[in-house]
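What the coordinates show
Here is how the chains run, residue by residue.
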Amino acid sequence: MNGGISLNSPVSFERKGRKTGLFLILLIYCGAVLFGLWIFRSFLSDLLFPYSLLIADVTATLFVFLFSLIFRNASVYDPYWSVQPPVILFAFALSSSFTPLSVLLLLSVFFWGIRLTVNWIRTFQSLEKQDWRYDLLREKSGPFYFFVNLFGIHLVPTLVVFLCILPPVTAVRNGSVL
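Below you will find a few notes about this structure. (Residues numbered from 1 in each chain as written. Predicted model: local features only at pLDDT ≥ 70, side-chain atom pairs only at ≥ 80, totals over all residues. Heavy atoms only, no water.)

Description of the overall build of the protein chain
Counted only if it meets this: Numbering of helices and strands starts at the N terminus; helices are DSSP runs of H or I of at least 4 residues and strands are runs of E of at least 2. In this setup the radius of gyration rests on C-alpha atoms only. A globule is expected at 2.2 Å times the number of residues raised to 0.38. Only protein chains enter the accessibility calculation, which uses a 1.4 Å probe; a residue is then buried when its area is under 20% of its type maximum, exposed when over 50%, and partly exposed in between. With residues, only the protein chains shown are counted as cover, and all accessible areas are computed by Shrake-Rupley using a 1.4 Å probe. Counted as positive: Lys and Arg. Counted as negative: Asp and Glu, with His and the chain ends omitted from the count. For this purpose, a charge sits on NZ of Lys, CZ of Arg, CG of Asp or CD of Glu.
Secondary structure assignment for the protein chain yields six helices and zero strands. Listed N to C, the secondary structure of the protein chain is α-α-α-α-α-α in terms of helices and strands. For the protein chain, whose C-alpha radius of gyration is 17 Å, the value lies close to the compact-globule estimate of 16 Å for 178 residues. Each of the three principal axes of the protein chain carries a C-alpha extent, and together these read 55 × 35 × 30 Å. Out of the 178 residues belonging to the protein chain, those deemed buried represent 43%. For the protein chain, the accessible area works out to roughly 10300 Å², and carbon and sulfur atoms hold 70% of it. Seen as two clouds, the 13 positive and the 8 negative side-chain charges of the protein chain have centres 6 Å apart.

As structure tokens, this is what we get:
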């Protein structure tokens, strides 16, 4: 296929190089955050808070998943573990009053997220390299890899991240104090 992106063959010209890959991942995550925020604010105001946050979080994950398909690299999801919790917590902190507890939670989650993200950046080579475990899952699951990728690599970890960030977000949102 000339000039287009095919889900059957890897995107080559966009994937080369560490700096290019990091820049593309940054763009993908900025897009995911904006898309998730837009979904949260536009469509979910009538839902109970945890459900609206979960739907926005899953929507952002599906955005990242789409790009993992485009680049044929499930490792596009890897920074999600360390990027989304600070982003989600910060978004709610901006719309709440700051208390000593919210500041402590923000600082803790930010330092944790920064440390993990820096570790991920250190090991990132390019979008041409995928975590060997995902390659193994692809080999073992064969024609079912799409579902393994969607649920096992993207959505289930998103649920884990969501369940871990929900208590601090709830505390910040409710203005809890120490």
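Concerning unusual backbone geometry
One non-glycine residue with positive phi stands out, namely Arg72, at about 50 degrees. By secondary structure assignment, the location of Arg72 is in the loop between helix H2 (49-70) and helix H3 (80-94). Using a relative accessible area of 30% as the deciding quantity, one classes Arg72 as partly exposed.

Side note on the packing of H3 against helix H6 (residues 145-173)
Geometrically, a packed helix pair is captured by the angle between its two axes and the distance between the axes. To keep it simple, the criterion reads: For helices, the fitted axis covers only the stretch in contact; all axes are lines through C-alpha atoms, and the angles between them, taken along N-to-C directions, range from 0 to 180 degrees. When describing relative orientation, an angle under 35 degrees is termed roughly parallel and one over 145 degrees roughly antiparallel, while 65 to 115 degrees is termed roughly perpendicular and anything else oblique. In this scheme, a crossing is called left-handed if the near helix is turned counterclockwise away from the far one by less than a right angle; it is called right-handed if the turn is clockwise. Note on contacts: a residue pair qualifies if any of its non-hydrogen atoms lie within 4.5 Å across the two residues. For this scheme, ten residues count as nonpolar: Ala, Val, Leu, Ile, Met, Phe, Trp, Tyr, Cys and Pro. Four count as charged, namely Asp, Glu, Lys and Arg, and the remainder, Gly too, count as polar.
Close contact between H3 and H6 brings their axes to 9 Å; oriented N to C, the two are set at 25 degrees. As far as their axial angle goes, H6 and H3 are roughly parallel. As for the relative orientation of H3 and H6, their crossing is right-handed in sense. Contacts from Tyr80, Trp81, Pro85, Ile88, Leu89, Phe92 and Ala93 in H3 reach Pro157, Thr158, Val160, Val161, Ile165, Pro168, Val169, Val172 and Arg173 in H6. Looking at the contact of H3 with H6, its residues break down into 14 nonpolar, one polar and one charged.

Regarding the layout of surface pockets
Selection criterion: Cavities and pockets were defined on a 1 Å grid built from protein atoms only: a cavity is a group of points that admits a 1.4 Å probe but offers it no way out, a pocket is an open group of points flanked by protein on both sides within 12 Å along at least five of seven lines, and a lining residue is one with an atom within 4 Å of any such point. Grid points are joined across faces, edges and corners, and a volume is the space filled by probe spheres set on the points.
For the largest pocket, the calculated volume is near 320 Å³. What lines the largest pocket is a set of 18 residues, among which Leu37, Val87, Ile88, Ala91 and Phe92 lie closest to the centre. Secondary structure elements with two or more residues in the lining of the largest pocket: helix H1 (18-43), H2 and H3. The element that contributes the greatest number of residues to the lining of the largest pocket is H3, accounting for seven residues. Residue composition of the lining of the largest pocket, grouped by class: 13 nonpolar, three polar and two charged.

Considerations on the environment of Phe98
Take Phe98: it is sitting in the loop between H3 and helix H4 (100-123). Distance from Phe98 to Gly175, taken between C-alpha atoms, is 7.1 Å for residues 77 residues apart in sequence. Discounting residues that sit within four places of it in the chain, Phe98 has contacts with Ala93, Val103 and Leu106.

Comments concerning H6
Just so we agree on the cut-off: The bend reported for a residue corresponds to the angle between axes fitted to the seven residues ending at that residue and the seven starting there.
At Leu166, H6 is deflected by roughly 35 degrees, the largest bend along its length, and proline Pro167 occurs up to four residues later in sequence. Gly175 occupies a position one or two residues after H6 and carries a positive phi of about 70 degrees.

Looking at H3
Rules: Expected span, for any helix, means 1.5 Å times one less than how many residues it has.
For H3, built from 15 residues, the straight-helix expectation of 21 Å at 1.5 Å per residue is met to within 8% by its first-to-last C-alpha distance of 21 Å. Within the span of H3, buried status applies to Tyr80, Ser82, Gln84, Pro85, Pro86, Ile88, Leu89, Phe92 and Ala93. Looking at the buried residues of H3, the elements they touch are H1, H2, H4 and H6.

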